[in-house]
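Fold and geometry: a report
This is what each chain is made of:
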Amino acid sequence: MKNHAADVVSEILRVLSASDRWLVLMHEKPDGDTAGCAIALSSLGVRIGKDVILGCPEQFPQKYLFMLRGIQHRVLDRIPDDFSGERCVVVSMDTSNPERAVSGIEEARERCTVINIDHHPDNTGYGHINWVVPTASATGEMVTELLAGSEWGISPDEANALYAAIVTDNGNFCFPSSSSQSHECAVILVEAGAVPGDIAEELETNLSVNSLKLWGRVFERATVFSDGFCAVFWIARSDFLETCTTRQDTENLVNFLLRIKGVKLAALCGEGDDGVRVNLRSRFPMNAREVAARFGGGGHVLASGCTIREPLKDALSALMAEMESHASSCLPSNK
Ligand SMILES: [Mn+2]
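A few points on the structure. Here the structure is a predicted model, which means the values were calculated and not measured. (Residues numbered from 1 in each chain as written. Predicted model: local features only at pLDDT ≥ 70, side-chain atom pairs only at ≥ 80, totals over all residues. Heavy atoms only, no water.)

Another aspect to go through is unusual backbone geometry. Along the chain, phenylalanine 284 connects to proline 285 via a cis peptide bond; the corresponding omega equals 5°. Relative to the assigned elements, proline 285 resides in the loop between strand E10 (275-282) and helix H10 (288-293). Of note, arginine 69 is a non-glycine position whose phi angle comes to about 40°, a positive value. By the secondary structure assignment, arginine 69 is in the loop between strand E2 (51-56) and strand E3 (73-75). Its relative accessible area of 46% is what places arginine 69 among the partly exposed residues. Despite not being glycine, asparagine 172 shows a phi value in the positive range, around 55°. For asparagine 172, a relative accessible area of 43% translates into the label partly exposed. (Helix = DSSP H or I, 4+ residues; strand = E, 2+ residues; numbered from the N terminus. Buried < 20%, exposed > 50% of the residue type's maximum accessible area, 1.4 Å probe, protein only.)

Okay, here's the thing in structure tokens:
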């Protein structure tokens, strides 16, 4: 497999090897990619005798519990103060900035080495070692490369976690981000013991009836606008309460809007305690990240997000106006 960055990879392996205590972190609202990467690296740490903490900024999502295979995780609201010294390393997975990480990562930087492994193009480079590969379809590809290139190899459980990380982020190799590199990683992981059929079953047959009831409400509200190029739907806080669901039941829900013929820019607005969380998805030539950036958000060109601190109704109309103006700037010939 072609090596993205031999120097940084060997530097990361050197630091991991030299450190006795690893704190491996997932980002807020953990998705399959951050969870799979953090679990795989934690599993490696346990396997080679390191003292490992797998840290999650909030409750670990039920649907990814299958990846843990006995690896303990801890919900952390802050990086522990005693995590300090040259034998300690923090590894932040798939996390583009300190705000999305367990809090205190910038202070921890003064006390120990911070490694930042990510594929978000807007990564702020907050680590001592920053390995950012925007062309990777998932951070899982990078961690596959890291482990495959190490003396420790990849165990079957780690291979399963990394395979799940990759397929959840690149839509089962269907998103434009999927590359020959993605498929090469799949070969490495299957040879290391990943079982794609089992992972697909874990990932695809885990719905609760409550989440379907939530989705039913949301689908009912689908609105297509801007000459059929844009689509939105929304969730009020009361929908979560009445269907006994949480934001975790909405991961990738926005992708359904892109299945409407002709839609190239789609958004899901979810009302939360601290504003309206917006998930955006686009197809070329529309740029979801540009729209998210108008509201202070970020992410990938085709998949991004932001939070709008307005009442739901106002957030929705501001967002739709921004989407409409983006659509007309991208597709002038269609107007
Ligand atoms: Mn990712």
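From this point, the narrative continues.
So, about the sheet that holds strand E12 (residues 303-308). Strand order in the open sheet formed by six strands is E7-E8-E9-E10-E12-E11, with mixed pairing between adjacent strands. If you trace the sheet from one side to the other, it starts and ends with strand E7 (223-225) and strand E11 (298-299), each paired once. By the bridge criterion, two bridges tie E11 to E12 in an arrangement that is antiparallel. Among the inter-strand pairings, glycine 298 is bridged to a residue of E12, identified as glycine 305. Seen against the sheet, helix H8 (residues 209-220) touches strand E8 (230-235) and strand E9 (265-272) and runs at an angle of roughly 135° to E8. (Pairing = 2+ DSSP bridges. Contact = heavy atoms within 4.5 Å. Axes fitted to C-alpha atoms, helices over the stretch in contact; angles between N-to-C directions.)

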